[in-house]
There are 2 protein chains.
Amino acid sequence: MGKLPTIGRKTAQRLAFHMLKTPEEEAEALARAIVELRRKIRLCRDCFNLAEEELCPVCSDPRRDRTLLCVVEEPTNLISIERTSAYRGLYHVLGGALSPLKDVGPERLRLRELMERVQRERFCEVILATNPNVEGEATAVYVSRLLKPLGLQTTRLAQGLPAGGDLEFLDELTLRRALEGRREY
Amino acid sequence: MGKLPTIGRKTAQRLAFHMLKTPEEEAEALARAIVELRRKIRLCRDCFNLAEEELCPVCSDPRRDRTLLCVVEEPTNLISIERTSAYRGLYHVLGGALSPLKDVGPERLRLRELMERVQRERFCEVILATNPNVEGEATAVYVSRLLKPLGLQTTRLAQGLPAGGDLEFLDELTLRRALEGRREY
């Protein structure tokens with residue numbers, strides 16, 4: 001278990017001893033759950049979110065707005081946006097962000113699939129919701145250039161002050177962007 | 001020294017012992033500096049920023065843009081914005097934010113002074129740069145209503161994703177505001 005993320009040698013040992021103390025049926029249930037998880041979970045045919053069926057719960061929900069597409073890096077980002085309950089459109093999971101340092105070029109992301117989907121479906125707006133860091137920004141710029149010839153409305157999540165807190169504790173870049181992006185009351 | 005902010009009993013003791021060990025001249029220099037600070041520093045006549053003269057360094061700088069006014073809660077917020085080097089206008093320091101809980105009503109803020117100044121000077125835009133928390137928001141709404149009859153352009157710092165980081169670690173309110181405030185590429 002020491003191979004799992006965020007689990008070091010000590011935690012692995014603690015978990016192993018815990019398993020020794022749990023009833024055998026429980027240990028077997030956990031083992032079965034792990035195998036089933038790996039066997040059942042696949043990627044959604046359309047958006048590459050995690051899914052148990054051919055389509056993920058978002059893509060198969062008839063109440064979603066099919067004219068809005070939100071492009072994210074990973075399924076975890078999709079979950080974050082779903083949690084806000086502020087978005088009712090569909091998603092496209094790229095599977096990462098462009099990063100020359102980590103040797104991730106455009107061919108490693110699901111960009112071909114995005115382009116095919118955008119040409120096939122009738123989206124009115126594509127929201128680029130990549131992360132607000134260097135790789136995410138670079139990816140958003142790259143995708144926006146790919147989409148430009150199609151004449152689709154392309155938007156980016158607002159950058160600025162996070163909710164709560166004090167100007168005093170914000171970094172200069174965030175404050176600069178909040179100033180530049182100021183909006184009328 | 002235990003009365004000073006962020007300095008508890010232990011730090012106060014540590015500082016006291018440190019002073020005992022420093023040469024007498026150094027202790028005297030620190031004491032003089034404290035008295036001088038208190039004697040020399042006053043509030044700017046126009047914007048209520050900290051100043052050594054009648055006007056603060058911002059108000060007395062002829063290169064500042066006198067058509068832009070940025071309203072902040074405290075001088076520390078002004079310093080944060082100055083540090084970005086992205087703003088070249090003037091400021092108005094309110095001296096706090098509206099807070100029913102702390103018994104701070106409109107009469108405790110420098111609002112009369114703001115209104116007089118705005119009617120006297122020729123500002124084109126007033127940027128409300130109060131903090132992105134409940135008190136700051138309430139204050140911004142209040143000030144914007146005061147300014148509305150004057151027909152001045154009133155703006156608010158952008159709210160959204162802070163620079164750097166990952167969507168996964170952002171709170172839902174920030175993400176929701178970033179979605180709602182999304183802007184065209």
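Model, not experiment: these values are computed from the prediction.

1. Concerning the overall build of chain A
Across its full length, chain A holds six helices and seven strands. Overall, chain A shows an N-to-C arrangement of helices and strands of α-α-β-β-β-α-β-α-β-α-β-α-β. Against the 2.2 N^0.38 benchmark of 16 Å for 185 residues, chain A shows a C-alpha radius of gyration of 21 Å, more extended than a compact globule. Taking the principal axes of the C-alpha coordinates as reference, chain A spans close to 60 × 45 × 35 Å. Here chain A holds 185 residues, and 42% of them are scored as buried. When contacts within chain A are restricted to residue pairs at least 6 apart in sequence, those whose partners lie at least 24 apart make up 49%. Only carbon and sulfur atoms are counted for the fraction: they give 54% of the accessible area of chain A, which is about 11100 Å². Here chain A contributes 30 positive and 28 negative side-chain charges, whose respective centroids are spaced 2 Å apart.

2. Considerations on the interface of chain A and chain B
In this assembly, 51 residues from chain A lie in contact with 51 residues from chain B. Both faces considered, chain A and chain B share a buried interface measuring about 4700 Å² in area, 59% of it formed by carbon and sulfur atoms. Applying the counting criterion to the chain A and chain B interface returns two salt bridges. Residues A:Arg182 and B:Glu125 are paired through a salt bridge, measuring 2.5 Å at the closest nitrogen-oxygen approach. For the side of chain A that touches chain B, the secondary-structure elements that each account for two or more residues are helix H3 (75–84), strand S5 (125–128), helix H5 (134–147), strand S6 (153–156), helix H6 (172–180) and strand S7 (183–184) of chain A. Ranked by residues supplied to the side of chain A that touches chain B, first place goes to H6(A) with eight residues. The pairing of S7(A) with strand S6 (residues 153–156) of chain B spans two bridges and is classified as antiparallel.

3. Some details on the packing of H3(A) against helix H6 (residues 172–180) of chain B
For the pair H3(A) and H6(B), interaxial distance at closest approach is 9 Å and the crossing angle is 90 degrees. In this view, H3(A) runs roughly perpendicular relative to H6(B), as classed from their interaxial angle. Here A:Ser80, A:Ile81, A:Arg83 and A:Thr84 of H3(A) lie close against H6(B), whose contacting residues are B:Glu172, B:Leu175, B:Arg176 and B:Leu179. Among the residues making up the contact of H3(A) with H6(B), the classes are represented as three nonpolar, two polar and three charged.

4. Digging into the sheet that holds strand S4 (residues 90–93) of chain A
Ordered in space as S4(A)-S3(A)-S5(A)-S6(A)-S7(B), the five strands form an open sheet in which the pairing is mixed. Every interior strand has two partners, whereas the edge strands, S4 of chain A together with strand S7 (183–184) of chain B, have only one. In the sheet, strand S3 (residues 68–72) of chain A pairs with S4(A) via four bridges, with the strands oriented parallel. Residue pairing in the sheet places A:Val71 in a bridge with A:His92 of S4(A). On top of the sheet, H5(A) reaches S5 and S6 of chain A; it is set at about 170 degrees to S6(A), its chief contact.

5. Quick word on the relation of the copies chain A and chain B
Both copies of the chain are related by a screw-like operation: a rotation about an axis and a shift along it. Screw-axis analysis of chain A against chain B gives a translation of 0.1 Å along the axis, an RMSD of 0.1 Å, and a rotation angle of 180 degrees. The superposition of one copy onto the other is thereby described by a two-fold rotation axis. Taking C-alpha positions as reference, the residue of chain A nearest the rotation axis is A:Gly160, located at 2.2 Å.

6. Focus: the environment of B:Gly105
Residues and elements named next belong to chain B. Locating Gly 105 in the fold gives a position in the loop between strand S4 (90–93) and helix H4 (111–120). Looking at Gly 105, the relative accessible area reads 15%, which means it is buried. Taking the C-alpha atoms as reference, Gly 105 lies 29 Å from Arg 39; in sequence the two are 66 residues apart.

7. As for the packing of helix H4 (residues 111–120) of chain A against H5(A)
Residues and elements named next belong to chain A. As a packed pair, H4 and H5 sit with axes 11 Å apart at the nearest point and diverge in direction by 40 degrees. As for the relative orientation of H4 and H5, their crossing is right-handed in sense. Contacts between H4 and H5 involve Leu 111, Leu 114, Met 115 and Val 118 from the first element and Tyr 142, Val 143, Leu 146 and Leu 147 from the second. In terms of residue class, the contact of H4 with H5 is made up of eight nonpolar, no polar and no charged.

Cut-off values and rules
- Counting from 1, residues in each chain are numbered in the order their sequence is written.
- Whichever chain is written first is A, and whichever ligand is written first is 1; the rest continue in order.
- This being a predicted model, a pLDDT of at least 70 is required before a residue's local features are given, and a value of 80 or more before pairs of side-chain atoms are given or counted; all residues contribute to the totals for chains, interfaces and linings.
- The basis for every side-chain value is the complete set of heavy atoms in the structure, and neither hydrogens nor water enter the calculation.
- Only DSSP runs of H or I covering at least 4 residues are called helices, and only runs of E covering at least 2 are called strands; the numbering of each starts at the N terminus.
- Every radius of gyration here is taken over C-alpha atoms, with the globule rule written as 2.2 Å times N^0.38, N being the number of residues.
- The buried label goes to any residue with under 20% of its type's maximum accessible area, the exposed label to any with over 50%, and the partly exposed label to all in between, with areas taken from a 1.4 Å probe on protein chains only.
- The contact criterion used is simple: two residues touch if any of their non-hydrogen atoms lie within 4.5 Å.
- Each accessible area value is a Shrake-Rupley result obtained with a 1.4 Å probe; residue values ignore everything except the protein chains displayed when judging cover.
- When charges are counted, Lys and Arg are positive and Asp and Glu negative, with His and the chain ends excluded.
- One atom stands in for each charge, and that atom is NZ of Lys, CZ of Arg, CG of Asp or CD of Glu.
- Buried area is understood as the total, over both parts, of accessible area removed when two parts are fitted together, assessed with a 1.4 Å probe.
- By definition here, a salt bridge exists when the distance from a side-chain nitrogen of Lys or Arg to a carboxyl oxygen of Asp or Glu is within 4 Å.
- When DSSP finds two or more bridges between two strands, those strands count as paired.
- Orientation is described by lines fitted to C-alpha atoms, with helices fitted over the stretch in contact, and by angles between N-to-C directions that extend from 0 to 180 degrees.
- For classification purposes, an angle smaller than 35 degrees is called roughly parallel, one larger than 145 roughly antiparallel, one from 65 to 115 roughly perpendicular, and anything else oblique.
- Polar here means any residue other than Ala, Val, Leu, Ile, Met, Phe, Trp, Tyr, Cys and Pro, which are nonpolar, and Asp, Glu, Lys and Arg, which are charged; Gly is therefore polar.
- The fit set for superposing copies consists of C-alpha atoms from residues with pLDDT of at least 70 in both; the fit itself is least squares.
- In a left-handed crossing the near helix is turned counterclockwise from the far helix by less than a right angle, and in a right-handed crossing that turn is clockwise.

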